[in-house]
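Structure assessment
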Amino acid sequence: MGEIPNLLHIIWWFRLFFVILHVMKRIVLILILSLSVIQGWSQSFADPKSISMMGVALQGPDSVFLPALESVGFVQVQTENPEPDTYYLEGDFYGIKSSLSVTVDEHTKLLSEVLVNCGPYRITDLYERNHKYLLGKLQREWGNFKAKGDGSLYMLNNYGYIRQSKVIDEQRRYIIQYYYLTTTPYYKDASNMGLKGMVQEIITSNPVFENDMEHFDVMGRIISDELVDREYDSRGYLVKAAMLEKSGGKSVFTYEYDDDGCLKKRILINATSGLRTVYDYRYNTSFEITQQSMKVFTKENECIVSINARNDMSERDDNDNWTVNKLQLTAWQKGQRTKIETYEQVRTISYWDE
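If you're wondering where the values come from, they're calculated on a predicted model, not measured in any experiment. Sequence order as written defines residue numbering, which begins from 1 separately in each chain. For a predicted model such as this one, the threshold for reporting local features is a pLDDT of at least 70, and the threshold for listing and counting side-chain atom pairs is 80 or more; totals across whole chains, interfaces and linings nevertheless cover every residue. As a rule here, side-chain values cover all heavy atoms of the structure and leave hydrogens and water aside.

Section: the overall build of the chain
The cut-off we apply is this: Runs of E in the DSSP output that reach at least two residues are strands. Runs of H or I that reach at least four are helices, and both are numbered from the N terminus. Remark: exposure states derive from per-residue accessible area (1.4 Å probe, protein chains only) relative to the maximum for the residue type, with buried under 20%, exposed over 50%, and partly exposed in between. We call two residues contacting when some pair of their heavy atoms lies within 4.5 Å. In this description, accessible areas are obtained by the Shrake-Rupley approach with a 1.4 Å probe, and a residue is regarded as covered only by the protein chains that are shown.
When helices and strands are counted, the chain shows 3 helices and 21 strands. Each of the 354 residues in the chain was classed as buried or not, and the buried ones make up 39%. For the chain, restricting intrachain contacts to residue pairs at least 6 apart in sequence, the fraction spanning at least 24 positions comes to 41%. For the chain, the accessible surface area stands at approximately 21,000 Å², while carbon and sulfur atoms represent 54% of it.

Thoughts on the sheet that holds strand S21 (residues 339–351)
Using the following cut-off: Two strands pair under a simple rule: DSSP has to find at least two bridges between them. Simply put, an axis is a line fit to the C-alpha atoms, just over the touching stretch for a helix, and the angle between two N-to-C directions goes from 0 to 180 degrees.
Read from one edge of the open sheet, 11 strands run S12-S11-S21-S20-S19-S18-S17-S16-S15-S14-S13, paired in antiparallel fashion. The outermost strands of the open sheet, each flanked by one partner alone, are strand S12 (213–215) and strand S13 (227–232). The sheet shows a mean angle of 20 degrees between the axes of neighbouring strands, direction not considered. The pairing of strand S17 (residues 276–283) with strand S18 (residues 289–297) spans 8 bridges and is classified as antiparallel. Residue pairing across strands places Tyr279 opposite Met294, the latter belonging to S18.

Structural notes on helix H3 (residues 124–142)
What counts, and what does not: Multiplying 1.5 Å by the helix residue count minus one yields the expected span of that helix.
If you check H3, its first and last C-alpha atoms are 26 Å apart, about what 19 residues at 1.5 Å a residue would give, namely 27 Å. Among the residues of H3, Tyr127, Asn130, His131, Leu134, Leu135, Gly136 and Leu138 are the ones counted as buried. As for H3, its buried residues are in contact with strand S4 (86–93), strand S5 (96–104), strand S6 (111–121), strand S8 (153–156), strand S9 (160–168) and strand S10 (174–182). Where H3 terminates, the next one or two residues include Gly143, which has phi positive at roughly 100 degrees.

Considerations on the sheet that holds strand S3 (residues 75–76)
What the 8 strands build is an open sheet, ordered S3-S4-S5-S6-S10-S9-S8-S7; its pairing is antiparallel. Sheet topology places S3 and strand S7 (146–147) at the edges, where each strand pairs with a single neighbour. Taken together, the 9 bridges between S9 and S10 define a ladder with antiparallel strand orientation. Paired with Ile162 across the bridge in S10 is Tyr180. Docked against the sheet, helix H2 (residues 62–71) engages S3, S4, S5 and S6, running at close to 20 degrees with respect to S4. Here H3 sits on the sheet and contacts S4, S5, S6, S8, S9 and S10; the angle it forms with S10, its principal contact strand, is near 20 degrees.

Describing the pairing of S18
With respect to burial, S18 is a largely interior element, 7 of its 9 residues being buried. The hairpin formed by S17 and S18 contains 5 residues between the paired strands, and Phe287 there has a positive phi angle of roughly 65 degrees. Two elements, S18 and strand S19 (residues 303–316), share 7 bridges in a ladder whose sense is antiparallel. When the bridges of S19 are listed, Gln291 appears paired with Arg310.

With respect to the pattern of salt bridges
Rule in force here: Think of a salt bridge as a Lys or Arg side-chain nitrogen and an Asp or Glu carboxyl oxygen that are within 4 Å of each other.
In the structure shown here, the tally under the stated rule is 13 salt bridges. Residue Arg347 pairs with Glu210 through a salt bridge whose shortest N-O separation is 3.8 Å. Linking Arg347 in strand S21 with Glu210 in the loop between strand S11 (199–204) and S12, this pair joins segments that are 137 residues apart in sequence. On the basis of relative accessible area, Arg347 is assigned to the buried category, the value being 6%. Of the charged contacts in the structure, one is a salt bridge between Arg316 and Asp320, with a shortest N-O distance of 3.8 Å.

Observations concerning unusual backbone geometry
At the junction of Gly119 and Pro120, the peptide bond is cis and its omega measures out at 10 degrees in the coordinates. Mapping Pro120 onto the fold places it in strand S6. We note that Asn81 has phi near 50 degrees; this positive angle belongs to a residue other than glycine. Among the secondary structure elements, Asn81 is positioned in the loop between S3 and S4. Within the chain, Asp85 stands out as a residue other than glycine whose phi angle is a positive 60 degrees. Exposure remark for Asp85: the relative accessible area of 27% places this residue in the partly exposed category.

Examining the environment of Gln200
Along the chain, Gln200 turns up in strand S11. Each C-alpha atom of the pair Gln200 and Trp352 lies 5.4 Å from the other, and the pair is 152 residues apart in sequence. Those residues in contact with Gln200, other than ones at most four positions away along the chain, are Glu214, His215, Phe216, Ser350, Tyr351 and Trp352.

A word on the environment of Glu302
Mapped onto the secondary structure, Glu302 falls in the loop between S18 and S19. As a C-alpha pair, Glu302 and Leu275 span 27 residues in sequence and 9.7 Å in three-dimensional space. Beyond its immediate chain neighbours, meaning those up to four positions away, Glu302 contacts Val296, Phe297 and Lys334.

Observations regarding the confidence of the model for the chain
When pLDDT drops low, the exact placement of atoms in the prediction is not to be read closely. To be explicit about the condition: Summary of the metric used: pLDDT quantifies the predictor's per-residue confidence within the range 0 to 100.
Mean pLDDT over the chain: 88, with 87% of residues reaching 70 or higher. Low pLDDT, under 50, characterises residues 1–5; the predicted model gives this stretch 0 contacts beyond four residues in sequence or across chains. For residues 25–44, every residue scores under 50 in pLDDT, and the model assigns this stretch 7 contacts once sequence neighbours within four places are set aside.

Structural notes on the nonpolar core
The criterion, for reference: Think of a nonpolar core as a cluster: buried Ala, Val, Leu, Ile, Met, Phe, Trp, Tyr and Cys residues, connected wherever their side-chain atoms sit within 4.5 Å.
One finds Met53, Leu69, Phe93, Val116, Tyr178 and Tyr180 to be the most contacted residues of the largest nonpolar core, which totals 33 residues. Taken together, the elements giving at least two residues each to this core come down to H2, S4, S5, S6, H3, S8 and S10. The element best represented in this core is S6, accounting for 5 residues. Among all residues touching Val116, those that are not within four sequence positions of it are Met53, Phe93, Ser98, Ser99, Leu100, Ile176, Gln177, Tyr178 and Tyr180. Residues Val199, Cys262, Val305 and Leu329 belong to the second largest nonpolar core, which totals 31 residues.

Rendered as structure tokens:
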């Protein structure tokens, strides 16, 4: 009779084991999903073509930058007599307790400026230690800061401006202040053409792989009646669009980017004919397009057109965009001989902030 309780005891332990195993599998699955969400979110706000703070791209509407700042520990707070178009947050700025004020442009409602106040400090040694620590952090991230005549330090690159200052409040306490200014448009349509800055209009003689005239709005979106149904990600990169065909149908564009935020591949598929056109781009260290190609494939994946272009830029404007270029074009079409042609191109570029 003693064997039956032992058997029931063994069965009970087996059931408990499988319950524990099931719970552990659920926990592991939740952890995997949570990690995927965290990784996906970090990719959504990291942008190599924007000035950033603690990995957060300082750009976009409040629906983008507020959740991004909250994801690194900042909390939105209320304040007395708030400034218009300004958000207030508190948190740790690279580990130092700080307050933030984030200002959006009154017209576009996109992030324009961020002001960070660390402190205040009554103890000089603590101020000096944190000042040195923060400056070291930012210089490792952005390079050496330059000195201004008023004693502040600053850094300026193609994407924005950072200034570090010492402020003394009414109670004679020290405050470490950082000012961030974004100097690039939110949408990356211009940068997809290898352009930098707040481009408004570009006119190109002998245009190849582009139109002779392009216009961009103040937020960086290309103005085009042909490009419709556009889809942008949270960083302002165009990921999908459609092009109106003369027949009345639509061809669909998809876009792929590299780790530097440069457009590396653009694919156009015509739903009616089944033709697939693939554009590939290569860049130099200044993120200018040095080579580009276009290949057209049939539904059977046969290449019927291949065009390759190589740029040799010789002159640039104050924004480091090329204004004079020698383009060598190599073109082949099925059933025809290869052609090699050279074009002298001149660009006239105007900017919104001029």
